[in-house]
Every structure is written in structure tokens, then in C-alpha cells.
Amino acid sequence: MAFKNRKKNYPLYETTKFAEFREMVENVADRFPDKVAFQYKEDPKQKKPSTITFAECRDYVRTLATELHSMNIEDKKVAIIGGASVDWFMSYTAVMCVGGVTVPIDKELPVADIASIINTANCEYIFFAADIAQKIKEVTAATPSVKMLVSLAGEAEGATPISALREAGAQKAKAGDTSYFDYEIDNEKLASIVFTSGTTGQGKGVMLSLKNICSDMEQGMYNFNITERTLFALPPHHTFGSTVNFVGHFAQGCEVYISSGLRYIMEELKTFKPTHLILVPLFVETFYKRIMAAAEKNGKLEKLMSGIETSNKLRKVGIDLRSKLFGKSVLSNFGGELQMIICGGAALNQNIIDFFESIGVVILNGYGITECAPLISCNRNECRKDGSVGLPIIGGEVKIDAPNENGEGEICYRGPNVMLGYFENEEATRAAIDEDGFFHTGDIGYVNEIDGDQWLYITGRIKNLIILSNGKNVYPEELECDIQGIWGVNEVVVYQGQCKNDPEKEVIVAEIYPDYDGFKAKGIEDIKAYFEAEIKKINERNVSYKFISRVKLRAEEFPKNTSRKITRFKIDKTID
């Protein structure tokens, strides 16, 4: 939209420099010793949240790391399993402060999968949340390499409480042990192995160094005007959560409220009043649908849309009334102080981005991948372009490999945040990182150079690409983004269907999981006919080879991995 602020090369924001985690922890505690670092509830029913300051976080890391050093944890693999918590974040930090290798694992994985990761990485320690003690008991029966169990925030049978390790470390430090400060940190050696969950098949172990993680946040955070308070609602085992939402914000002295889970988020937003959020598109899309559904239910949808139209016209002439027009009716549901959402992990419909900006919340769409620790590019507070995932972070370089006539090809990235390689998989590493140091992402896109800036656009993923017999390429994600804008779509996947009776026939299918409750409320009985009519409108706007010829409805949501991404390889693509 024409009134968006797109300043070119406006000054970078101030940020904290740090090469490794000990420097990060000590610096932020020196700057903000008494400031609250985390708010959290040990029990969701707890009336007042508990807090821990940056100085207390520093002391936590110092004491735990001192004890871990005495246990000769250097180069040992440490599995960390559990939901987001102070203990998770401090353990993750302390282990890498004394040369240990963290292996963050999703607690929602089945026992067999957790055991497989632990055995593959040869973990000798498991730090785990007490609420999954029974699962860990089953895991340890199948993981002979494990020598010690450490329970986070609570006691568990056969495990040493983390509080005991901290106390032992505190006694050593009190007696003059300075090993935490004396340990020489090599920020280029292996520090963490992150096993990707994979949406197209088996994941791999991504090897990251402290240089990868810290440079990604030191150079990435220059781009954002990070505000005062945020909420942590992402899985901590994923790099978007551990690197961006934890490391990036902790290093800058941002206060973080640790969510108690999806069912509590709306209430937490109202009470904590975050000034910005770090989210994946699923959250943003859910917020959008809730706003629209509530407005429609209360008979205020027309008033909301009319207000947005009026507000947008006024903003074009420099008058901004968004806080007055939408503060009580909409933004109060998010605490009333929300200014910005940094969104990444998948594509987000531009219409939703425009909607939130219209009511006073800027969405900065970005792009990252685990192998790059993860941030590659992002739009900036005052420098954004519709449809783009922004500019590469400082020190990063993007190139498009084998571009077609439209300039689209595989997105390749080079920078200090590119992984060391895949764990014990040299063949996959050589295939992913070329001799010039560029990581081949597997994503398809193009770069639009404007005044020397590289604006990156993503159009699809190589493994999802539909290649027609006439040589034309169809990017499912592009069509899915259009279809997501149709009312009544909860989820959609576009693919090339396999006809049972005519395997050679080329059929592009839109498989949709509808909002059945919404259709029932509106009294629409023939849901398929409704979608076919809406898809026809999309077909009329697109070139002929992108024609969606079949609509298929699902009775339940699509299968997903634990990062809430649809696992496409599990979808049955056969059609009648």
C-alpha cells in the first residue's frame, strides 16, 4: 500500500555484540541487573507470575556451568527435552558456556523417535522436564549411552534435580572455583545439534556452532527495533524459538513472558500486554480468524471493515487514528500495547499482513532455515515490501542458482551463520553446501535488486514443485496462499493428484480442510460446491497451466510435524 514507510538505508538499531553465550550473559546482567528477564507460571492457575532478573539468570548460569565443568561435560552431548521454561533456557546456555553440545529435542515426539535421536547423537546426559518423567523412563531403557538424568523444575525418580547441580556449583564457586570464567570458549566448534523434524521425510542433524548462533542474532537484531516486552509461545527445541525468541531477545535485555501453552495465550496477552510478538503464520492466521469471527458474531464486521477503509485513507494524508479506532474493539484482546509481530517459518498471506497493519500492528515477514541458525532475511520496521521476506541480514549474501526466464531458481545463502554441516552425514553436507560456501536451501525464489538492495521473494520449495509435461512449473505454495484467503478454509495443500483410472492425466488438486462449524453457522450445506465456485475465481485470475481442476475435502486437519508444519509426504494424493 502506498502509505507504507519504506525508508532506504535508515540507521541500524543499537544492539549488543557478543561472540559466545558467556559474554552474552555477563553483558546483559551488567547492563540490566535488576530488570526482569522472564515472567512465568509454574502452574497455569497461579495468580501472580514468578519472575527472574537478568542478574539472577547470570548467577544461575554461573553456578550450573561451574558444576557442569567439574563433571567434564566438554564435548559431551546433552539432550534437553521439555517445554519452554527458565530451566530449559539456562541449561541450554550453561552447557554451551563450558563446551558441552546441546541436543534440543521435542518433548512431543514418540518415545522411539526421542530414543533414536539420543542414540544417533550418542548423548550421555538428558535434561528433561519433570512432566515427561514417565516418557523419559521409557526412553532411557532404549538409550545405553545415557549416563545421567537431570530433572528440570522438579524431582523425578532416578534423576538429579537441576537445583542440586546449581547448589553444588555455587559451593565450588564460593570456595574459589573460577573454572566458569577460565574456560576458553571456542565459538567455531560444534555447540548444538538440532534434528530437523522434516515435512518431506526423515530429518537430519544440523550442527551449529556458537559463532553460527551468536552472529545470526548479533547481525540480525540490528535490523529490528525490538520493543520492551514479548511473549514466548514457540517450541524451544526449534531454532526460531531458541535463537530468535530466546538468544536474540535475552541479549538485548527484552522482558519475556513464557506462555503456559496454546490454551492460555489469549488470556496471557491481555494480562502481560506484550509490545511485540515472535510467531509462526499459524498463530497469526488464527488471530486473524478470531478477530473476523468475533466481529461477524457481534454484528460489527461491516463497521470494522469500514473503519479500516476510512483509517487507510486518512493515513495516506498523514493522519493516524488506528489506536483510537481499533484500540478497544480489537487491540485490547492482545493487551492493548501490541505494536509489531515478527513472523517466519512459512508463507503468510499478504492480505493478513495488510489487515494487521491497518489496525495498528506491523508484521515483519522473514525467512530462515535451521541450517542457517535460522535467520536469513527479514523486513525492517521502516523498510518493507509487500510479498517479500525482506533483506539479507548483515554479513549474509543471497544468490539464485540456475534461474529460469523469470529469474526464479534455488535460493542459496552464504554467511557466518551457515551450519558446520549435517551430523555424521558428509554426503548430505557436500550436497547442501557448495565449494563457494553457499548453502542450497531447497527453496525457490528470486531477488529483486532495488538501489543495490537485495529484496528476497520466495515462490515455493523444490520438493513440492509441480512440473507439468509441457515444462511449466507450478508452485503449490503460491496457489495455497491465494486459497487461504477464501472464507471457510482452515488448511489447504495443493499438489499434483494421481488419478486411479488414468495415471498419466495431469490434475492439480486443492485439498481443503474446511471450517465446518463456520459453514454450519452460515447454513451452507454444499461445502464442495462453495469451494469449487471460489476456486473458479482464482483460476480466472491465473494463467491456464496453473488451473486447479479438482477440489478435495478433508474430514480432519492435515498431518503435521511437531513444529505444526504440514507433513506433505503423508498425504494420500490419489483421486478418483
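Residues numbered from 1 in each chain as written. Predicted model: local features only at pLDDT ≥ 70, side-chain atom pairs only at ≥ 80, totals over all residues. Heavy atoms only, no water.

(A) Molecular detail of the packing of helix 1 (residues 21-31) against helix 2 (residues 54-70). Contact pair helix 1 / helix 2: the axes reach a minimum separation of 8 Å and the direction vectors enclose 150 degrees. Taken as axis vectors, helix 1 and helix 2 run roughly antiparallel relative to one another. The way helix 1 lies across helix 2 gives a crossing that is left-handed. Packed against helix 1, whose contacting residues are Val25, Glu26, Val28, Ala29 and Asp30, the element helix 2 presents Phe54, Ala55, Arg58, Val61 and Arg62 at the interface. Taken together, the residues of the contact of helix 1 with helix 2 break down into six nonpolar, no polar and four charged. (Axes fitted to C-alpha atoms, helices over the stretch in contact; angles between N-to-C directions. Helix = DSSP H or I, 4+ residues; strand = E, 2+ residues; numbered from the N terminus. Parallel < 35°, antiparallel > 145°, perpendicular 65-115°, else oblique. Left-handed = near helix turned anticlockwise from the far one by under 90°. Contact = heavy atoms within 4.5 Å. Nonpolar A, V, L, I, M, F, W, Y, C, P; charged D, E, K, R; others polar.)

(B) Up close: the sheet that holds strand 21 (residues 453-461). A sheet is described by the order of its strands in space; here four strands give the open sequence 17-18-20-21, paired in antiparallel fashion. Both outer strands of the open sheet, strand 17 (397-401) and strand 21, are each paired with one neighbouring strand and no more. Here the average twist between neighbouring strands, direction ignored, is 55 degrees. Sheet topology note: the strand 20 (residues 439-450)/strand 21 ladder contains eight bridges and is antiparallel. Bridge pairing links Tyr446 to Tyr457 in strand 21. (Pairing = 2+ DSSP bridges.)

(C) Fine view of the environment of Glu67. By the secondary structure assignment, Glu67 is in helix 2. A relative accessible area of 11% means that Glu67 is categorised as buried. Separated by 49 residues in sequence, Glu67 and Ser116 place their C-alpha atoms 28 Å apart. Setting aside residues no more than four positions away along its own chain, Glu67 makes contact with Leu165, Ala168, Gly169 and Lys172. (Buried < 20%, exposed > 50% of the residue type's maximum accessible area, 1.4 Å probe, protein only.)

(D) Examining the nonpolar core more closely. Judged by nonpolar contacts, the single largest core of 120 residues is most densely connected at Phe21, Phe38, Leu68, Met90, Phe127, Phe250 and Phe356. Apart from the residues lying within four places of it in its own chain, the contact partners of Phe356 are Val284, Phe287, Tyr288, Ile291, Val361 and Ile363. One finds Phe128, Ala129, Ala156 and Met207 within the second-largest nonpolar core, a separate group that totals 26 residues. (Core = buried A, V, L, I, M, F, W, Y, C linked by side-chain atoms within 4.5 Å.)

(E) A look at the pattern of salt bridges. Considering all chains together, one arrives at 25 salt bridges under this definition. Notably, a salt bridge pairs Arg430 with Glu426, separated by 3.7 Å at the nearest N-O pair. Taken together, the residues Arg430 and Glu426, both in helix 15 (residues 426-432) and four residues apart, mark about one turn of the helix. Each member of the pair, Arg430 as well as Glu426, is classed as exposed. Residue Glu511 is joined to Arg554 by a salt bridge in which the shortest nitrogen-to-oxygen separation is 2.8 Å. One end of the pair, Glu511, is in strand 25 (residues 507-514); the other, Arg554, is in the loop between strand 26 (550-553) and strand 27 (574-575), with 43 residues separating them in the sequence. Its relative accessible area of 3% is what places Glu511 among the buried residues. The network of salt bridges with common partners includes Glu74, Asp75 and Lys189. (Salt bridge = Lys/Arg side-chain N within 4 Å of Asp/Glu carboxyl O.)

(F) Highlighting the sheet that holds strand 26. The sheet built from four strands is open, its strands ordered 26-25-24-27 with mixed pairing. Of all strands in the sheet, those with a lone pairing partner are strand 26 and strand 27, marking the two edges. As defined by bridge partners, strand 25 adjoins strand 26 across four bridges and the pair is classed as parallel. What sits directly across from Ala510, in strand 26, is Val551. Sheet contacts for helix 18 (residues 527-541): strand 24 (489-499), strand 25 and strand 26; angle to strand 26, the most-contacted strand, approximately 140 degrees.

(G) Here's a closer look at helix 2. Over its 17 residues, helix 2 extends 24 Å from the first C-alpha to the last, a length consistent with the 24 Å expected when each residue adds 1.5 Å. Considered for burial, the residues of helix 2 that qualify are Phe54, Ala55, Cys57, Arg58, Tyr60, Val61, Thr63, Leu64, Ala65, Thr66, Glu67 and Leu68. Where helix 2 ends, the next residue or the one after it, Asn72, has phi of about 55 degrees, a positive value. (Expected span 1.5 Å × (residues − 1).)

(H) Focus on a nonpolar patch on the surface. Taken together, the side chains of Val317, Ile319, Leu321 and Leu325 present a nonpolar region at the surface, about 320 Å² in accessible area. Mapped onto the elements, Ile319 comes out in the loop between helix 12 (301-316) and helix 13 (322-326). Its relative accessible area of 37% is what places Ile319 among the partly exposed residues. (Patch = residues over 30% accessible without salt bridge, like charges linked within 9 Å, V, L, I, M, F, W, Y side chains within 5 Å. Areas by Shrake-Rupley, 256 points an atom, 1.4 Å probe, with all protein chains shown as cover.)

(I) A look at the side chain of Glu410. Within the secondary structure, Glu410 sits in strand 18 (residues 409-414). Within the buried set, Glu410 has no salt-bridge partner at all; the shortest N-O distance to an opposite charge, 6.9 Å, is to Arg461. Of the polar contacts made by the side chain of Glu410, one reaches the backbone nitrogen of Gly442; its length is 2.8 Å. When sequence neighbours within four positions are dropped, the list of residues in contact with Glu410 reads Lys399, Ile400, Asp401, His440, Thr441, Gly442, Asp443, Ile444 and Ile462. (Lys, Arg positive; Asp, Glu negative; His and termini not counted. Polar contact = N/O pair within 3.5 Å; in protein donor to acceptor, adjacent residues only side chain to side chain.)

(J) The packing of aromatic side chains, seen in detail. For the structure on display, the rule yields 24 aromatic pairs. Taken together, a centroid distance of 6.0 Å and an interplanar angle of 20 degrees make the contact between Phe38 and Phe250 stacked. On the criterion of sequence distance, the pair formed by Phe38 in strand 1 (residues 36-40) and Phe250 in helix 9 (residues 239-251) is long-range, its members being 212 residues apart. Seen in terms of ring centroids, Tyr288 and Phe355 are 5.0 Å apart; in terms of plane orientation they differ by 80 degrees. Their pairing is edge-to-face. (Phe/Tyr/Trp six-rings, centres within 6.5 Å; stacked < 30°, edge-to-face > 60°.)

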